[in-house]
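Structural overview for review
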Amino acid sequence: MLHRHARAAGAAVAAAGALLVAGLSGSASAGVRPVPPTPGAAQTMRTADAPPALLRAMRRDLGLTAPQARHRLVNEAEAGATAGRLRVALGAHFAGAWVRGAESGTLTVATTDARDAEAIRARGARAVVVRHSLASLDAAKARLDRAARRHATTDTPVWYVDVRTNALVVRAVRPTAVRPLLAAAGVAPALVRSVKSAERPRPLYDLRGGDAYYIDNSTRCSIGFPVTRGTQQGFVSAGHCGRAGSTTTGSNRVTQGTFQASVFPGNDMSWVATDGSWTATPYVNGSSAQVTGSTQATVGASVCRSGSTTGWHCGTVQQLNSSVTYQEGTVSGVTRTSVCAEPGDSGGSFVSGSQAQGVTSGGSGDCTSGGTTFFQPVNPILQSYGLTLKTTASGPGDPGNPGGTWSAGTVYQAGDTVTYGGATYRCLQGHQAQPGWEPPNVPALWQRV
């Protein structure tokens, strides 16, 4: 494991032309009150709030112009909503979705049934017919995750479902180690693609996502995202940064808080409750960067990371729900990215546009030659510990309390159903609900059924 002992801790996005969503216009009859327009996905995700530092890093790392960076965020928001609707429509046939192109201008949706192609194209997406459903590949990966608890995986340290190749990929330092792992998991080799790799990921310690903090007056890590739990304020970070009961001091060396819970390996998550001297804010790195929600980005979408060692760096989401084996054990449910990172960058914020994605876990490579970095998604941390992400005010919410099972602060996954105002809605994209994101108000996140 890499860690450092204590030392000094070294935009507007125009919501222009939404991808894949065709608008309908008309005139209201005389005397009839016009229906207010339904907000698009880019408006819901507030892509216009993406921080300037993130946009600059997108331009540098993804080779984009300023307009391309802005358009990409809009397109990715709309693509995520479209993919969510198609996932519901295709049901068991759904085999994943991804975006591509400099501006993420093309959304591809995979299905196991050729008869779905017309419906996919009708939504403005490219259709691909494949052999395995996403559910079957996810189930196979879950068996690998369980096998990793009792089977050594140091020579097969990374595995994930790759929707673009419709396979469960195992990255192996020693390829002969793949077959015994599959046998232990009861996974058919036909589902798996083995890739020889020299990667040996390790946790990336001591980073500053928002600000540096120190654990037990010794090692340094970084704040991932500020959160609240009722009236208690605090922040989330990587689990490998500290254990429950460890104390923290801030970047100014003032007493700060205590780790309330921590998991590593298995997952890589923790949260710290702070004392009354500290106030949770929606900012990243103390700049104008503000978090407005936690909607999960689509495979292929841009994602940017901020760390105290290397600053802002960007790349794309490679695979969701990956597993990686560090020296200390296997961590599952992380997202694999093409973003670079270095020791000292662990625990910090991963953001897509203005949407919180997760906290830096570990990886391989560096920001000179390039590398791969994994992050622990933030929504499972919020759900596991009953936390609420600190965001900017997103709206007044619906007055009148219409009733139902939908609740602000709840983390919803794609496919979950709720009731609200006498109607039933199905979740299209994973997120933590917040005031202003009531199901009727955000069709990018909820579909009435």
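The structure reproduced in this document is the subject of the present report. These numbers were taken from a predicted model, which means no experiment stands behind them. (Residues numbered from 1 in each chain as written. Predicted model: local features only at pLDDT ≥ 70, side-chain atom pairs only at ≥ 80, totals over all residues. Heavy atoms only, no water.)

1. Considering the sheet that holds strand S2 (residues 106-111)
- Sheet architecture is open: three strands sit in the order S1-S2-S3, paired in mixed fashion. Only two strands of the sheet have a single neighbouring strand rather than two, namely strand S1 (94-100) and strand S3 (126-129). With strand direction ignored, the average angle separating the axes of adjacent strands in the sheet is 20°.
- Taken together, the four bridges between S2 and S3 define a ladder with parallel strand orientation. If you follow Ala-110 over to S3, its bridge partner there is Val-128.
- On top of the sheet, helix H3 (residues 66-90) reaches S1 and S2; it is set at about 15° to S2, its chief contact. (Pairing = 2+ DSSP bridges. Helix = DSSP H or I, 4+ residues; strand = E, 2+ residues; numbered from the N terminus. Axes fitted to C-alpha atoms, helices over the stretch in contact; angles between N-to-C directions. Contact = heavy atoms within 4.5 Å.)

2. Observations concerning the side chain of Asp-116
- Position of Asp-116 relative to the elements: it lies in the loop between S2 and helix H4 (117-122).
- Buried charge Asp-116 goes without a salt bridge, the closest partner of opposite sign being Arg-115 at 6.4 Å.
- Beyond its immediate chain neighbours, meaning those up to four positions away, Asp-116 contacts Leu-90, His-93 and Thr-111. (Buried < 20%, exposed > 50% of the residue type's maximum accessible area, 1.4 Å probe, protein only. Lys, Arg positive; Asp, Glu negative; His and termini not counted. Salt bridge = Lys/Arg side-chain N within 4 Å of Asp/Glu carboxyl O.)

3. A short note on the state of the cysteines
- Considering all chains together, one arrives at three disulfides under this definition.
- Each sulfur of the disulfide joining Cys-221 and Cys-241 lies 2.2 Å from the other. Residues Cys-221 and Cys-241 are joined by a disulfide whose S-S torsion is about -85°; by sign, that bridge is left-handed. Pair noted here: Cys-221 is in strand S9 (residues 219-222) and Cys-241 is in the loop between strand S11 (232-237) and strand S12 (247-250), with a separation of 20 residues, a long-range link. Accessibility assignment for this pair places Cys-221 and Cys-241 in one class, buried.
- Residue Cys-340 pairs covalently with Cys-367 via a disulfide, S to S 2.0 Å. Taking the sign of the S-S torsion, about 100° here, the bridge from Cys-340 to Cys-367 comes out right-handed. Of this pair, Cys-340 sits in the loop between strand S17 (329-337) and strand S18 (349-352) while Cys-367 sits in the loop between strand S19 (355-366) and strand S20 (370-377), and the two are 27 residues apart along the sequence. (Disulfide = S-S within 2.5 Å.)

4. Some thoughts on the packing of helix H2 (residues 52-62) against H3
- As a packed pair, H2 and H3 sit with axes 9 Å apart at the nearest point and diverge in direction by 105°. By the criterion of interaxial angle, the relationship of H2 to H3 is roughly perpendicular. Each of Leu-55, Met-58, Arg-59 and Leu-62 in H2 lies in contact with H3, whose residues at this interface are Ala-66, Ala-69, Arg-72 and Leu-73. (Parallel < 35°, antiparallel > 145°, perpendicular 65-115°, else oblique.)

5. Focus: the packing of aromatic side chains
- Scanning the model with the defined rule gives six aromatic pairs in all.
- Judged by centre distance (5.1 Å) and plane angle (75°), the ring pair of Tyr-412 and Trp-446 falls under edge-to-face. Of this pair, Tyr-412 sits in strand S22 (residues 411-412) while Trp-446 is found in strand S26 (residues 446-448), placing the two residues 34 residues apart along the sequence. Taken individually, Tyr-412 and Trp-446 each receive the classification buried, so the pair is uniform in this respect.
- Among the aromatic residues, those joined into a ring-pair cluster are Tyr-213, Phe-235 and Phe-259.
- Its end group placed over the ring of Tyr-214, Arg-253 keeps NZ or CZ at 3.7 Å from the ring centre. (Phe/Tyr/Trp six-rings, centres within 6.5 Å; stacked < 30°, edge-to-face > 60°. Lys NZ or Arg CZ within 6 Å of the ring centre and 35° of its normal.)

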